[in-house]
Amino acid sequence: MSTSAQQTVKVQLVRSPIGTKESHRATVRGLGLRKLNSVSELQDTPAVRGMINKISYLVKVL
């Protein structure tokens, strides 16, 4: 594989988004996370990093 392959980041939902702001719940869904402890593997882009930063109290980066 070439060295220009996209870096990925794995994110796991570790806290329930129930009772959080609507925009934070939308961010969780936008990252592809559904149930508690679900894991999503995403491209490591500034946009994704910003989303992770916004809901850092709900997720864990693996």
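Scroll up to find the structure this text is about.
The structure reproduced in this document is the subject of the present report. (Residues numbered from 1 in each chain as written. Predicted model: local features only at pLDDT ≥ 70, side-chain atom pairs only at ≥ 80, totals over all residues. Heavy atoms only, no water.)

The three strands lie next to each other as 2-1-3, forming an open sheet whose pairing is antiparallel. Of all strands in the sheet, those with a lone pairing partner are strand 2 (39–43) and strand 3 (59–61), marking the two edges. If you compare each strand with its neighbour and ignore which way they point, the axes differ by 30° on average. The pairing of strand 1 (residues 8–13) with strand 2 spans five bridges and is classified as antiparallel. Note on strand 2: the bridge partner recorded for Gln 12 is Val 39. Docked against the sheet, helix 2 (residues 46–54) engages strand 1, strand 2 and strand 3, running at close to 20° with respect to strand 1. (Pairing = 2+ DSSP bridges. Helix = DSSP H or I, 4+ residues; strand = E, 2+ residues; numbered from the N terminus. Axes fitted to C-alpha atoms, helices over the stretch in contact; angles between N-to-C directions. Contact = heavy atoms within 4.5 Å.)

Within the secondary structure, Ile 55 sits in the loop between helix 2 and strand 3. Sequence separation between Ile 55 and Asn 37 is 18 residues, and the spatial gap between their C-alpha atoms is 15 Å. Once residues lying within four places of it in the same chain are set aside, the contact partners of Ile 55 are His 24, Thr 27, Val 28 and Leu 31.

So, on to the side chain of Thr 20. As for its placement among the helices and strands, Thr 20 is situated in the loop between strand 1 and helix 1 (22–30). Judged by relative accessible area, Thr 20 falls into the buried class, the value being 14%. With near-sequence residues (within four places) excluded, Thr 20 lies in contact with Arg 25, Tyr 57 and Leu 58. (Buried < 20%, exposed > 50% of the residue type's maximum accessible area, 1.4 Å probe, protein only.)

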